[in-house]
Amino acid sequence: MDLYFLRHGEADWPNWKKDDDERPLTKRGKKEMHQVASFLKRVGARPDVIVTSPLPRAAQTAEIAAKHLKVKCKEEKLLAPGFRWTELERVLKKYPEESVMIVGHEPDFTETISELTGASLKLSKAGIALVELNRSWRHGRLLWLIPPKIATK
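The following refers to the structure shown. (Residues numbered from 1 in each chain as written. Predicted model: local features only at pLDDT ≥ 70, side-chain atom pairs only at ≥ 80, totals over all residues. Heavy atoms only, no water.)

1. Focus: unusual backbone geometry
Then comes step 1: In this structure, the amide linkage connecting Glu106 to the following residue, Pro107, adopts the cis form with an omega of 5 degrees.
Then comes step 2: Examined against the element boundaries, Pro107 turns out to sit in the loop between β4 (99-104) and α4 (108-117).
Then comes step 3: Its identity as a non-glycine residue notwithstanding, Lys70 has a phi of 55 degrees, on the positive side.
Then comes step 4: Relative to the helices and strands, Lys70 is located in the loop between α2 (56-69) and β3 (73-75).
Then comes step 5: Unusually for a residue other than glycine, Ala126 sits at a positive phi of about 70 degrees.
Then comes step 6: Structurally, Ala126 is set in the loop between α4 and β5 (128-133).
Then comes step 7: Judged by relative accessible area, Ala126 falls into the buried class, the value being 0%. (Helix = DSSP H or I, 4+ residues; strand = E, 2+ residues; numbered from the N terminus. Buried < 20%, exposed > 50% of the residue type's maximum accessible area, 1.4 Å probe, protein only.)

Shown next as structure tokens:
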């Protein structure tokens, strides 16, 4: 199966006074996500479903990707900050499609991708990775890792 990892876009608000979990995407973050989603469409990314963390910055990222890719978007509490590769099987059992995009946070995604593939990497904000998983959902092969600066050119 193909598993896309999409990290939420920029949500850095220097004078943010509310709970961190409530931070939305910045204007720049939204623009960048539209560019990344457009890139994903151009390269033929075809997830069957997009599953997102419930936090606003991730949900907004997922909605932008879903709009460009014409895919349904579902919210999943397991993808909130603190997600680990050990929870991946639970997520994938709920969404058994052949191609799934998950939208979430760091360092969760870098650690999960590293655990699955053995790769040493860092997933940038608005970055995307594609992992080909075996049927056990425990091992995979990193097919690509794209930072937003490449996707937005």
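Once you've had a look at it, read on.
2. Describing α4
Then comes step 1: For α4, the complete set of buried residues consists of Asp108, Phe109, Thr110, Thr112, Ile113 and Leu116.
Then comes step 2: Contacts made by the buried residues of α4 are with β1 (2-7), α3 (88-94), β4, β5 and β6 (140-146).
Then comes step 3: Among the residues trailing α4, Gly118 stands out with phi positive, at a value near 80 degrees. (Contact = heavy atoms within 4.5 Å.)

3. A closer look at the pattern of salt bridges
Then comes step 1: Under the criterion given, the structure shown has seven salt bridges.
Then comes step 2: Close ionic contact of Glu10 with Arg28 constitutes a salt bridge, the shortest N to O distance being 2.8 Å. Placement of Glu10 in the loop between β1 and α1 (27-42) and of Arg28 in helix α1 is noted, with a sequence separation of 18 residues between them.
Then comes step 3: Assessed through its relative accessible area of 51%, Arg28 is described here as exposed.
Then comes step 4: Close ionic contact of Glu132 with Arg141 constitutes a salt bridge, the shortest N to O distance being 2.7 Å.
Then comes step 5: Residue Glu132 is classed as partly exposed on the basis of its relative accessible area of 31%.
Then comes step 6: Three or more residues joined by partner-sharing salt bridges are found here, namely Arg84, Asp108 and Glu111. (Salt bridge = Lys/Arg side-chain N within 4 Å of Asp/Glu carboxyl O.)

4. Re the packing of aromatic side chains
Then comes step 1: Counted according to the given criterion, the structure contains three aromatic pairs.
Then comes step 2: Between Tyr4 and Trp144, the aromatic rings sit 6.0 Å apart at their centres with planes inclined by 65 degrees, giving edge-to-face as the arrangement. Here Tyr4 is found in strand β1, whereas its partner Trp144 is found in strand β6, with 140 residues between them in sequence.
Then comes step 3: You can call Tyr4 buried: its relative accessible area is 4%.
Then comes step 4: Given the relative accessible area of 25%, Trp144 is considered partly exposed.
Then comes step 5: Between the aromatic rings of Phe5 and Phe109, the centroid separation amounts to 5.2 Å while the plane-to-plane angle is 80 degrees, which identifies the pairing as edge-to-face. Remark: Phe109 occurs in helix α4 and Phe5 occurs in strand β1; sequence separation between them is 104 residues. For the pair Phe5 and Phe109, a shared accessibility class is recorded, and that class is buried.
Then comes step 6: Three or more aromatic residues joined by ring pairs form one cluster here, namely Phe5, Phe83 and Phe109. (Phe/Tyr/Trp six-rings, centres within 6.5 Å; stacked < 30°, edge-to-face > 60°.)

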